[in-house]
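# Results of the structural survey
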Amino acid sequence: MIGFDVSTVQPTIGVKFISAGLAGCMADIVTFPLDVAKVRLQIQGESFVQIQGDTLAHGATKFKFRGVFGTIRTIFVEEGVRACYSGLVAGLHRQMSFASIRIGLYDSVKKFYQDLLGDSEKATTGNTVRIMAGFTTGAMAVFCFQPTDVVKVRMQAQGHGKGPTRYSGTMNAYRSIFQQEGMKGMWKGVLPNIARTAIVNVSELVTYDIIKENILYYNLMSDHLPCHFVSAFGAGFCATVVASPVDVVKTRYMNSPDGKYRGAIHCATNMFKDEGIFAFYKGFMPSFMRLGSWNIVMFVCFEQLKRGFMTFHTD
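A few points on the structure. It should be emphasised that the depicted structure is a prediction, and the values quoted were computed from it without experimental measurement.

What counts and what doesn't
- What you see as residue numbers is a count from 1 along each chain, following the sequence as written.
- Local features in a predicted model are, by the rule used here, given only for residues with pLDDT of at least 70; side-chain atom pairs are given and counted only at 80 or more, and totals for whole chains, interfaces and linings are based on all residues.
- The side-chain quantities take in all heavy atoms of the structure and omit both hydrogens and water.
- For this analysis, a nonpolar core means a set of buried residues of the types Ala, Val, Leu, Ile, Met, Phe, Trp, Tyr and Cys, connected via side-chain atoms within 4.5 Å.
- Burial classes follow relative accessibility: with a 1.4 Å probe on protein chains only, a residue under 20% of its type's maximum area counts as buried, one over 50% as exposed, and anything between as partly exposed.
- By definition, any uninterrupted DSSP run of H or I lasting at least four residues is a helix, any uninterrupted run of E lasting at least two residues is a strand, and each is numbered from the N terminus.
- The criterion used for residue contact is that any of the two residues' heavy atoms lie within 4.5 Å.
- Note on geometry: axes are lines fitted to C-alpha atoms, helical ones only across the stretch in contact, with angles between N-to-C directions running from 0 to 180 degrees.
- Working rule for angles: under 35 degrees goes down as roughly parallel, over 145 as roughly antiparallel, 65 to 115 as roughly perpendicular, anything else as oblique.
- For a crossing to be left-handed, the near helix must be turned anticlockwise from the far one by less than a right angle; the clockwise case is right-handed.
- Note on residue categories: nonpolar means Ala, Val, Leu, Ile, Met, Phe, Trp, Tyr, Cys or Pro, charged means Asp, Glu, Lys or Arg, and polar means any other residue, Gly included.
- Think of it this way: a Phe, Tyr or Trp ring, Trp meaning its six-membered ring, pairs with another when their centres are within 6.5 Å, and the plane angle makes it stacked under 30 degrees, edge-to-face over 60, tilted otherwise.
- Counting as a charge over the ring demands two things of the Lys NZ or Arg CZ atom: a distance within 6 Å of the ring centre and an angle within 35 degrees of the ring normal.
- Here the expected length of a helix is defined as 1.5 Å per residue gap, with one fewer gap than residues.
- Directions are taken from the helix axis to each C-beta atom, and the arc is the one they span.

One broad trend across soluble globular proteins is that nonpolar side chains are buried collectively. Grouped together as the largest cluster of nonpolar side chains are 31 residues, with contacts concentrated most on Ala-23, Ile-103, Met-298, Phe-299 and Phe-302. Elements with a contribution of two residues or more to this core: helix 1 (13–42), helix 3 (88–102), helix 4 (106–117), helix 6 (127–157), helix 8 (190–217), helix 9 (225–255) and helix 11 (284–314). Considering every element that reaches this core, the biggest residue donor is helix 11, with nine residues. Residues contacting Phe-302, with those up to four places away along its chain left out, are Lys-16, Ser-19, Ala-20, Ala-23 and Ile-103. Residues Phe-32, Val-36, Leu-41 and Phe-65 belong to the second largest nonpolar core, which totals 12 residues.

Okay, structure coming up:
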């Protein structure tokens, strides 16, 4: 069987924390062009942004991007290969912080709620504890490291063509947002992002837990790569279906110029009024392709990294 065997020693919280961060980074590197395409499709239809007297459009025309691969092809042809990875540095910052907390601490928080409820047998397998743990770690990750997500979205949304750009680089984006918008700008969209990340976290982790648990319970597969692959794919699909509307609102709001929206609800209301219900599912296919592939790479790497670290630790 390819990969490390199941370790006889349970991974420590430190091993899970580091493994989750590294696995998240690996998944981001593999799937980042899909994420850029998703963001570009989601922000289509927004108004233009003014930058120091110049007009900077999020898209040259209202329907510049069509489809997942069409969007990637357009970005590649008009802006170059670098644009397909615009915001990657901030994305890696985000994954080392977000994934380490929301995924790496999930089992520990689940154990905390299990002890709190006092019914160890039900709490271990109960979906209530899983959901509570997923919401908690997802919200914790956003609350602590929201600026990394703001910068990632801003960098992905800006074009790299002939016109002016909002930010010259990742560190310039951090600095400019703080100087121009203050701490409020750094944590812009924190509430919709908490909602989105908590929902995605629950959808991913709880679904992965349940699918994997049932595969092993009914002896459909052993606890190795095929099992992790199938479980991760199911987790990615469920997360996309549940979280897409919140994800679109989060992206629009975080990328908007200061003062355009009074809040996330105002942003969602305007989207519905101006573009209809389908605006909330813009970029659904790239979201699914990205979350599905991201989950497969992340969970497979996460499981292998945990086992690898523990194998070397016990040798």
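After that view, the rundown keeps rolling.
Right, let's talk about the packing of helix 6 against helix 7 (residues 170–186) for a bit. For any two helices packed against each other, one specifies the crossing angle of their axes together with the interaxial distance. Where helix 6 meets helix 7, the closest approach of the two axes is 10 Å, and the angle between their N-to-C directions is 120°. Regarding the angle of helix 6 to helix 7, the classification is oblique. For the element pair helix 6 and helix 7, the recorded crossing hand is right-handed. Mapping the contact onto sequence places Gln-146, Pro-147, Thr-148, Val-150, Val-151, Arg-154 and Met-155 in helix 6 and Thr-170, Ala-173, Tyr-174, Ile-177, Glu-181, Gly-185 and Met-186 in helix 7. In the contact of helix 6 with helix 7, the residues fall into eight nonpolar, four polar and two charged.

It is worth spelling out the environment of Gly-138 at this point. Within the secondary structure layout, Gly-138 lies in helix 6. We classify Gly-138 as buried; its relative accessible area is 0%. Spatially, the C-alpha atoms of Gly-138 and Ile-101 are 7.6 Å apart, while their sequence positions differ by 37 residues. Ignoring sequence-local partners within four residues, the contact set of Gly-138 consists of Arg-102, Thr-197, Ala-198 and Asn-201.

Both the distance between ring centres and the angle between the ring planes are used here to describe each pair of aromatic rings. Summed over all chains, the structure comprises eight aromatic pairs. Ring centres of Tyr-253 and Tyr-261 lie 6.5 Å apart, and the angle between their planes is 45°; on these two criteria the pair is classed as tilted. Residue classification places Tyr-261 among the buried positions, given a relative accessible area of 11%. Here the aromatic cluster, defined as three or more aromatic residues joined through ring pairs, consists of Phe-233, Phe-237 and Phe-288. Taking NZ or CZ as reference, Lys-188 lies 5.6 Å from the ring centre of Tyr-253, over its face.

Looking now at the environment of Leu-291. Residue position: Leu-291 is located in helix 11. Setting aside its immediate chain neighbours within four residues, Leu-291 contacts Glu-204, Gly-236, Ala-239 and Thr-240.

Let us now look at the side chain of Thr-207. Summarising the element assignment, Thr-207 is placed in helix 8. Not counting residues up to four positions away in its chain, the partners in contact with Thr-207 are Val-202, Gly-234, Ala-235 and Cys-238.

Between its first and last C-alpha atoms helix 4 spans 16 Å; for 12 residues at 1.5 Å apiece the expected length is 16 Å, and the two agree. Inspection of helix 4 places Tyr-106, Val-109, Lys-110, Tyr-113 and Gln-114 among the buried residues, and these make up the whole buried set. Relative to the axis of helix 4, the buried residues are bounded by an arc of 145° and lie together on one face. Immediately downstream of helix 4, the backbone of Gly-118 shows phi near 80°, a positive value.

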